[in-house]
Structure formats: structure tokens, C-alpha cells
Amino acid sequence: MRVAVFGTKGYDRQFLTEANTAFGHRLTFLEPRLDASTARLAEGHQAVCVFVNDRLDAAVLEALAELGVRLVALRCAGYNNVDLRTADRLGLAVVRVPAYSPEAVAEFTIGLLLALDRRIPRAWARVRENNFALDGLIGRNLAGRTAGVIGTGRIGALVARTLLLGFGCRVLASDVVEDPELVAMGVLYVPREELLAESDIITLHCPLTPDTHHLVDAVALERAQEGVQIVNTSRGALIDTTALIAGLKSHKVGGVALDVYEQEADLFFENLSDEIVQDDVFQRLLTFPNVLVTGHQAFLTEEALTAIATTTLQSIADAEAGRELVNRVTAAVVVGR
Ligand code: NAD
């Protein structure tokens, strides 16, 4: 199938090209992200391959359908950037990669938590300047602390298990479905409000939906423990950033580690080091000594990129052959979970 790959980076090209030797699709690697102004680049292709910050709203999907595109292949797990109702109405199939490597994201989450709590980036910056003073680098043991995991699917379950069995945390969880294996291990499912009120550490692993949008907001932070640490490797809009900044300023929030940010589409995945960033909220966030931000890289392991490429190209091959699309998402049904 002819596939227009939007928002291509070097690593996309490398891993998709390697995996494509087994499929033989005709891949056109395009640097621009997909949005209303770039949709026409899909002309002559039956499929588009996109990532988290490409914009697949009604106008873009209509433009794609008019150009003869039949398949949208997301090379990621989340699909909150796709207007699925419109895709369904237009007969555009949407596939994703539901589980390319939950370990990649779970391990990065734990890494962020440790780096935040033990001030590792700050320590490294000091050592590089031959400053070996330890003031301001005091952390806390994870053992014995209460960690709240919101969303215990593939990634959240791994994080919960690691915090419980690896670090000796007390682990609370909140999800719309309970994982019996986690319960058997000793994870305690509680209502979200209780989790927010009792946790020293809150880590977010649920999808972005109307129910989870801004689940960490001013009200939630009011309920939270003094000095709560928050980690988000899921989706930026789970957190109301303005409320988070207020919480940091008042010391209610003791530390934040983010791999995702509400308005990341304007920033992430690009080198903006020579530009004046216009997002004042984001810039304010970066000024806190107890905030650590990475640019949506939790997924970025060789294993994950290989799995993403293979699953994406397999879905495209299935669509071409008229086979069942096991990783399809529609407005009504999410397969592959
Ligand atoms: P998953 O579908 O396996 O798990 C999501 C869990 O959230 C499920 O158990 C689901 O029941 C639960 N959930 C749904 N609604 C909820 C609610 N209202 N409250 C609490 N829990 C709720 O997904 P996953 O593979 O574990 O991925 C989790 C999230 O991580 C994804 O939504 C994706 O956005 C994000 N992600 C980020 C990166 C990254 O690089 N930073 C990479 C992959 C995935």
C-alpha cells in the first residue's frame, strides 16, 4: 500500500524502513505534521501514518477521505487526537499500536520519579561545574511511602507492581476496572478521591477522555497530601497546568515530573533552542527547581520502536488484504485491549 508517513523523524524512518523489508509497502516519509494545511500531501496514498501530535480533526479527515485515503495508522497507543466519529462516518479505518512496549513507558516513569525525588539532574548539573556540595539534594526513600497509580492498564500495572514489589511502597490504585493480579499482590483499589487524598506520589497512566481531562486540577490538589509528588507520562491534559503551577507556588505540590504537557503539540519533538518560546505557562513550569520535564520520550526504546513499526506495517498489510483489523479503534469499540 502507498503510505504517507507524516511527522517523520530519523528514528521513524530507520525503524519503519527496517521493518518494511518484510512488508514491501511504499512509504513516503514526510517531515511536516498532519494538519489542515498539510493534508494534501497525502494525495496518491491510500494510508497515512501519524503520531501523537498530528491533528486528525473533522476537516483533516474529510480532506484525507476526499484524496482517497482509506486508512489512518497511528504509530502510538493513544488516539485522543483523532475525531473517531467523523472517521467512522467517512469510512476511514483507524488503527493504533495498543501495546508496543509498556515496559518502555513504565521504566521511564520510575526513572523520572527517582530522578525527581533524588534530584539527579540537579546533582549532575552541579558536578559538571565541580560543585560537589550536597545542600538542596535531599530526597526521600520510596520504601514505605504511599504511591497512587491512576489507570492500571498495561503501563500502570507495571508501575504499580514495581513500586510495590521493587521499592516497598504502599500502592493505591484507581481504575474503572480492577486488575485481580494486582489485588492479589497487595495493590489496594480505592475511589479516585481517596487516592488523591492519601498518596505521597501520584502517577498517571489512564487515557485522556472527557472523564479524565484535568483530573489533577485545583480541587484535586486541594485534597492532596502536602508536598505530593506528581508524575505524568500519559497525556498532558490529564493535568490542569495552571492549577499545578499554583500548587507548586504554594508548596502544596512538592515535585512534578512530566513527559507530556497539555500544549505539547506546539513544542515537543522539535529543536526550538534558537527560538523564543511563546508558551508562558510552560516557561513558568521550567523555572521551578522541583519540576522535571522531558519531551514525550517515554516510549523511545529500540524495542518499542521496532514493535511500533512492525505492528503498524502489519495493520496496513491487513487493511490492504481485507483482513480483520485487530488494532482498530472506532467511536464505539476499541479493539486490542
Ligand atoms: P491501557 O489501555 O492498557 O490502560 C489504560 C487504563 O486506564 C485501563 O486500565 C483503563 O481501564 C484505565 N482507565 C480508563 N478510564 C479511566 C478513568 N476514568 N480512571 C482511571 N482509569 C481509567 O493503556 P496503556 O498502554 O497502559 O497506556 C496508558 C497511557 O499512556 C495511554 O493512554 C497513553 O496515552 C500513554 N502513553 C504514553 C507514552 C509516552 O511516550 N509518554 C507512550 C505510550 C502510552
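Residues numbered from 1 in each chain as written. Predicted model: local features only at pLDDT ≥ 70, side-chain atom pairs only at ≥ 80, totals over all residues. Heavy atoms only, no water.

**Q** Quick question: what am I supposed to make of the site of the ligand here?
**A** Of all residues adjacent to the ligand, which total 26 residues, the nearest are Y100, I155, D175, D211 and T233. In the model, an oxygen atom of the ligand is placed 3.3 Å from a nitrogen or oxygen of the G153 main chain. Backbone polar atom of T233 to a nitrogen atom of the ligand: 2.9 Å apart, as the coordinates give it. Here the ligand loses 91% of its free accessible area of 860 Å² to cover by the protein chains. (Near = heavy atom within 4 Å. Polar contact = N/O pair within 3.5 Å; in protein donor to acceptor, adjacent residues only side chain to side chain. Areas by Shrake-Rupley, 256 points an atom, 1.4 Å probe, with all protein chains shown as cover.)

**Q** Before we go on, may I ask you to explain the packing of aromatic side chains in this structure?
**A** The description of an aromatic ring pair uses the distance of the two centres, along with the angle that the planes make with each other. In this structure the tally under the stated criterion is 4 aromatic pairs. With a centroid separation of 5.2 Å and 55° between ring planes, the pair formed by F51 and F299 is classed as tilted. Here F299 lies in the loop between β12 (291-293) and α12 (302-321) and F51 lies in the loop between β3 (47-50) and α2 (58-66), a separation of 248 residues in the sequence. For the pair formed by F51 and F299, the shared burial category is buried. What links up through ring pairs into an aromatic cluster is the set F51, F269 and F299. (Phe/Tyr/Trp six-rings, centres within 6.5 Å; stacked < 30°, edge-to-face > 60°. Helix = DSSP H or I, 4+ residues; strand = E, 2+ residues; numbered from the N terminus. Buried < 20%, exposed > 50% of the residue type's maximum accessible area, 1.4 Å probe, protein only.)

**Q** Would you mind going over the domain arrangement of the protein chain with me for this structure?
**A** One can read the domain layout of the protein chain as domain 1 (2-100 + 301-321) and domain 2 (102-293). Its C-alpha centre places domain 1 at a distance of 30 Å from the equivalent point of domain 2. Summing the contributions of domain 1 and of domain 2, the shared interface buries around 1,100 Å²; its carbon and sulfur component is 50%. When the buried surface of domain 1 facing domain 2 is broken down by residue, R33, N53 and N80 rank first, second and third, together holding 42% of it. At the junction of domain 1 and domain 2, the tally comes to 2 salt bridges. Residue E270 pairs with R33 through a salt bridge whose shortest N-O separation is 3.9 Å. (Domains from an automatic or database assignment. Buried area = accessible area lost by both parts, 1.4 Å probe. Salt bridge = Lys/Arg side-chain N within 4 Å of Asp/Glu carboxyl O.)

**Q** Help me understand the sheet that holds β12 in this model?
**A** Pairing in this open sheet of 7 strands is parallel, and the strands run β8-β7-β6-β9-β10-β11-β12 from one edge to the other. The sheet terminates laterally at β8 (188-189) and β12, the two strands that pair on one side only. For strand β7 (residues 170-174) and β8, the ladder comprises 2 bridges, and the chain directions are parallel. Directly across from A173, in β8, lies its bridge partner Y189. Helix α6 (residues 154-166) contacts β6 (146-150), β7 and β9 (201-204) of the sheet and is inclined by roughly 170° relative to β6. The sheet contacts of helix α10 (residues 241-249) involve β10 (228-232), β11 (253-258) and β12, and relative to β11 the element is tilted by about 140°. (Pairing = 2+ DSSP bridges. Contact = heavy atoms within 4.5 Å. Axes fitted to C-alpha atoms, helices over the stretch in contact; angles between N-to-C directions.)

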